Amino acid sequence: MLTLPNLLTLSRIVAVPLLAALLWWPGWAPGYAAGFVLYCIVGATDYLDGYLARAQGTVSKLGIFLDPIADKIMVAAVLLILVGTGRISGVHIIAALIILTREIAVSGLREFLAGLQVSVPVSQLAKWKTMLQLVALGALILGGAMPGEAWVATGGLIGLWVAAALTLLTGYDYLRVGLRHMES
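Because the structure is a prediction, the values reported are computed rather than measured.

**Student:** Please provide a residue-by-residue account of the pattern of salt bridges, values included.
**Tutor:** Under the definition given, this model contains eight salt bridges. The partner of Arg12 in a salt bridge is Asp71, with the nearest N and O atoms 2.8 Å apart. Of the two residues, Arg12 is situated in helix α1 (residues 4-23) and Asp71 in helix α3 (residues 61-84); the sequence distance between them amounts to 59 residues. When its relative accessible area of 14% is taken as the criterion, Asp71 is described as buried. Several salt bridges share partner residues, and in doing so they unite Arg12, Asp46, Asp49, Asp67 and Asp71 into one network.

Following this line, the structure appears as structure tokens:
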């Protein structure tokens, strides 16, 4: 079912290698500027695909399946590139690890619960967490495009830690629900 919303979701996944290529060289400010533009476009499709699917009445199982995967692929890829290039370094790697660990754990938990035919809806706090992650990573990318403006990257790192804290809260919420179904 390749509707426009599903194509937009797929475009986020397809854009990840290009985004990674643009961010590969940490000192290449034009690459980071182009990467920031691409990142913003990809981020806008995250909102647009869901909006269009609901507005057109074309919400599909494929879209419901792909949307969170596209988000996780993009966040994981950007985190890995930024750690690999040193844009995220030192103690800040812990925030990136918290985010990655939660994403993997929640995905596994959702898969386990799906086998039990238990649905775990996305909470409003988890949506805020995702938005904050995306904004923080965008600021870190923009910081690479503006090396003379350290405050941009600093804001991105602060946002990354706040997102990591929300990640722990929302991950705990999902775990608490999952544990109820594991005890029986």
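**Student:** Give a description of the layout of surface pockets that names residues and reports values.
**Tutor:** By volume, the largest pocket is sized at about 1,700 Å³. Together, 50 residues line the largest pocket, and Ile64, Asp67, Pro68, Asp71 and Val122 are the ones closest to its centre. Going through the elements one at a time, α1, α2 (29-56), α3, α4 (92-115) and α5 (124-145) are the ones with two or more residues in the lining of the largest pocket. In terms of residue count, the dominant contributor to the lining of the largest pocket is α5 (11 residues).

**Student:** Go over the nonpolar core, please, and point to the residues and values.
**Tutor:** Formed by 32 residues in total, the largest nonpolar core has its most connected members in Tyr39, Met74, Val78, Leu79, Leu137, Leu140 and Leu160. Those elements that provide at least two residues to this core are α1, α2, α3, α4, α5 and α6 (150-182). By size, the runner-up hydrophobic cluster in this structure holds six residues, among which are Val106, Leu109, Val120 and Ala126.

**Student:** Outline the packing of α5 against α6, supporting the account with residue identities and numerical values.
**Tutor:** Taken N-terminus to C-terminus, the directions of α5 and α6 make an angle of 155 degrees; their axes are 8 Å apart at the nearest point. Viewed along their axes, α5 and α6 adopt a mutual orientation that is roughly antiparallel. Every pair of crossing elements has a handedness; the one defined by α5 and α6 is left-handed. Looking at the contact of α5 with α6 residue by residue, the classes come out as 17 nonpolar, six polar and one charged.

About the criteria used
Residues numbered from 1 in each chain as written. Predicted model: local features only at pLDDT ≥ 70, side-chain atom pairs only at ≥ 80, totals over all residues. Heavy atoms only, no water. Salt bridge = Lys/Arg side-chain N within 4 Å of Asp/Glu carboxyl O. Helix = DSSP H or I, 4+ residues; strand = E, 2+ residues; numbered from the N terminus. Buried < 20%, exposed > 50% of the residue type's maximum accessible area, 1.4 Å probe, protein only. 1 Å grid on protein atoms, 1.4 Å probe; cavity = no way out; pocket = protein on both sides within 12 Å on 5 of 7 lines; lining within 4 Å. Points joined across faces, edges and corners; volume = space filled by probe spheres on them. Core = buried A, V, L, I, M, F, W, Y, C linked by side-chain atoms within 4.5 Å. Axes fitted to C-alpha atoms, helices over the stretch in contact; angles between N-to-C directions. Parallel < 35°, antiparallel > 145°, perpendicular 65-115°, else oblique. Left-handed = near helix turned anticlockwise from the far one by under 90°. Nonpolar A, V, L, I, M, F, W, Y, C, P; charged D, E, K, R; others polar.

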